[in-house]
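Chain and residue survey
Residue-level listing of the chains:
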Amino acid sequence: MRVISSPRVSEQAVLAALRDAFRAPSLHAAPAPGQFTVDLPGGGDVIHYPAVLPHADVYSVKVSPYLPAPAGPAVVTAWTMLVSLSTGQPLALLDASELTVERTAATTVLAADLLLPPGARTAAVIGYGRVGRAHARYLRRLRPGMAVRAFFPRGIDEAGDDVRAAASLEDAVTGADLVMLCTSAAGDVVDPATLPAGTVVTSISTNAPGAREMPPAAVRALDVYVDALTTLHVAADLTRAAADGWDPAAVRGDLSGLLAGHAQGPSGERPVYFRSVGLGIEDAAVAWAALHNDNVMTKGQPR
């Protein structure tokens with residue numbers, strides 16, 4: 001089994017791998033599995049992200065432990081294992097920390113590109129850590145003509161890549177065609193229902209209990225899309241909205257449907273909301289692409 005502690009994969013390869021994975025016919029027949037969490041004694045947990053890549057004949061699972069420390073920050077890691085469905089043997093174990101950032105940003109931008117009109121001109125990135133910066137990078141690749149401004153509550157020393165640092169949240173969001181929420185907030189950051197019709201808002205939030213980046217009460221006023229329908233049972237804003245009477249059947253589509261052209265397009269009458277929580281199919285696709293790249297770089301020889 002190959003162990004890859006520093007996997008590398010290009011943005012182009014990540015986008016191609018995700019498109020292939022979400023367009024797979026098997027994903028239309030059976031929705032991608034979601035995620036499940038195992039709580040640990042004394043606190044902490046391990047989130048599992050399973051998936052099957054039929055075209056690669058591979059089963060994948062990413063495990064991401066969250067291990068609180070008595071003094072200091074919690075330990076958070078992520079590892080993806082790829083297993084051959086022909087032999088049952090593990091093919092590779094990859095450190096998924098950076099791959100998770102890449103697949104998260106690429107998934108958001110793939111969806112945003114499909115939901116935005118061709119003439120969209122301005123994007124706002126709220127939260128400009130490594131995940132926010134990755135969102136800007138992928139947007140540059142798919143929508144190179146869009147102006148990007150970023151806001152981070154603690155300030156941004158250097159946005160770079162032609163990204164303008166906004167002085168305030170309002171400055172970043174006002175007039176933006178796309179608002180990408182990339183925070184670790186446990187409460188409301190932006191209310192999409194207050195934005196003009198057609199504005200696309202994306203949210204990744206975190207896996208902390210109850211974490212969200214927008215008020216659940218706003219959901220019923222939005223055209224809602226998700227990375228997969230299983231997200232309806234995981235995303236705190238959507239589960240709370242459903243508990244308060246919003247009908248999950250109102251979701252207009254998922255990423256697989258958008259890529260295949262089966263999902264309804266935005267109505268144009270309301271703001272648009274894309275909610276993702278991270279899926280095993282994304283981890284599997286990006287890990288497979290990283291393994292392929294590693295095999296090319298090493299000519300298949302053990303390192």
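Each value, and the rule that gives it
- Residues numbered from 1 in each chain as written.
- Predicted model: local features only at pLDDT ≥ 70, side-chain atom pairs only at ≥ 80, totals over all residues.
- Heavy atoms only, no water.
- Buried < 20%, exposed > 50% of the residue type's maximum accessible area, 1.4 Å probe, protein only.
- Helix = DSSP H or I, 4+ residues; strand = E, 2+ residues; numbered from the N terminus.
- Pairing = 2+ DSSP bridges.
- Expected span 1.5 Å × (residues − 1).
- Patch = residues over 30% accessible without salt bridge, like charges linked within 9 Å, V, L, I, M, F, W, Y side chains within 5 Å.
- Areas by Shrake-Rupley, 256 points an atom, 1.4 Å probe, with all protein chains shown as cover.
- Salt bridge = Lys/Arg side-chain N within 4 Å of Asp/Glu carboxyl O.
- Core = buried A, V, L, I, M, F, W, Y, C linked by side-chain atoms within 4.5 Å.
- Contact = heavy atoms within 4.5 Å.
- Axes fitted to C-alpha atoms, helices over the stretch in contact; angles between N-to-C directions.
- Parallel < 35°, antiparallel > 145°, perpendicular 65-115°, else oblique.
- Left-handed = near helix turned anticlockwise from the far one by under 90°.
- Nonpolar A, V, L, I, M, F, W, Y, C, P; charged D, E, K, R; others polar.
- Phe/Tyr/Trp six-rings, centres within 6.5 Å; stacked < 30°, edge-to-face > 60°.
- Lys NZ or Arg CZ within 6 Å of the ring centre and 35° of its normal.

Focus on the pairing of strand β11 (residues 178-181)
Burial of β11 is two-sided: the residues Leu178 and Met180 facing one way and the residues Val179 and Leu181 facing the other way are all buried. In the sheet, strand β8 (residues 122-126) pairs with β11 via four bridges, with the strands oriented parallel. Bridging from a neighbouring strand, Ala123 pairs with Leu178 of β11. Relative to strand β12 (residues 200-203), β11 runs parallel, the two sharing four bridges. Its bridge partner lying in β12, Val179 is registered against Val201.

What to know about the sheet that holds β12
With parallel pairing, the eight strands of this open sheet are ordered in space as β10-β9-β8-β11-β12-β15-β13-β14. Each having just a single partner strand, β10 (163-165) and β14 (253-254) make up the two edges of the open sheet. Summarising the sheet, β8 and strand β9 (residues 147-151) pair through five bridges and their orientation is parallel. When the bridges of β9 are listed, Thr122 appears paired with Ala147.

Thoughts on helix α3 (residues 97-115)
For α3, with 19 residues, the first-to-last C-alpha span of 28 Å sits near the 27 Å given by 1.5 Å per residue. The element α3 is largely enclosed, with a buried count of 15 among its 19 residues.

Details of a nonpolar patch on the surface
Where nonpolar side chains cluster on the molecular surface, the patch consists of Met1, Val3 and Met81 and spans about 280 Å² of accessible area. Residue class for Met81 comes out partly exposed when judged on its relative accessible area of 30%.

Some points on the nonpolar core
Core analysis: the biggest nonpolar cluster contains 60 residues, and Leu18, Leu94, Leu139, Leu178 and Ile281 have the highest contact counts within it. Per-element accounting of this core gives the leading share, nine residues, to α3. Excluding residues within four positions of it along the chain, Ile281 makes contact with Ala21, Phe22, Ala32, Pro50, Ala51, Val52 and Leu53. Counting 26 residues, the second-largest nonpolar core is a separate cluster that includes Ile126, Leu181, Leu222 and Tyr273.

So, the packing of helix α1 (residues 11-23) against helix α8 (residues 280-298)
In a packed pair of helices, the relevant descriptors are the angle between the two axes and the axis-to-axis distance. Close contact between α1 and α8 brings their axes to 9 Å; oriented N to C, the two are set at 130 degrees. If you check the angle between α1 and α8, you find them oblique. Read as a crossing pair, α1 and α8 show a hand that is right-handed. Counted together, Ala13, Val14, Ala17, Leu18, Ala21 and Phe22 of α1 and Ile281, Glu282, Ala285, Val286 and Ala289 of α8 form the full contact between these two elements. Partitioned by chemical class, the residues of the contact of α1 with α8 number 10 nonpolar, no polar and one charged.

Quick look at the packing of aromatic side chains
Each aromatic ring pair is summarised here by two numbers: the centre-to-centre distance and the angle between the ring planes. Under the definition given, this model contains zero aromatic pairs. Over the face of the ring belonging to Tyr49 we find Lys62, whose NZ or CZ atom lies 4.4 Å from the ring centre. Its guanidinium or amino end placed over the ring of Tyr49, Arg103 lies 5.6 Å from that ring's centre, counting from NZ or CZ.

Examining the pattern of salt bridges
Enumeration according to the criterion identifies 15 salt bridges in this entry. Here Asp283 ties to Lys62 by a salt bridge, and the two come within 3.2 Å at their closest N and O atoms. On the criterion of sequence distance, the pair formed by Asp283 in helix α8 and Lys62 in strand β4 (residues 58-67) is long-range, its members being 221 residues apart. Lys62 carries the same exposure label as Asp283, and that label is buried. The salt bridge partner of Arg137 is Glu102, with a shortest N-O separation of 2.6 Å. Remark: Glu102 occurs in helix α3 and Arg137 occurs in helix α4 (residues 130-142); sequence separation between them is 35 residues. Taken together, the salt bridges that share partners define one network made up of Glu11, Glu102, Arg137 and Arg141.

So yeah, pure geometry; function would need other evidence.
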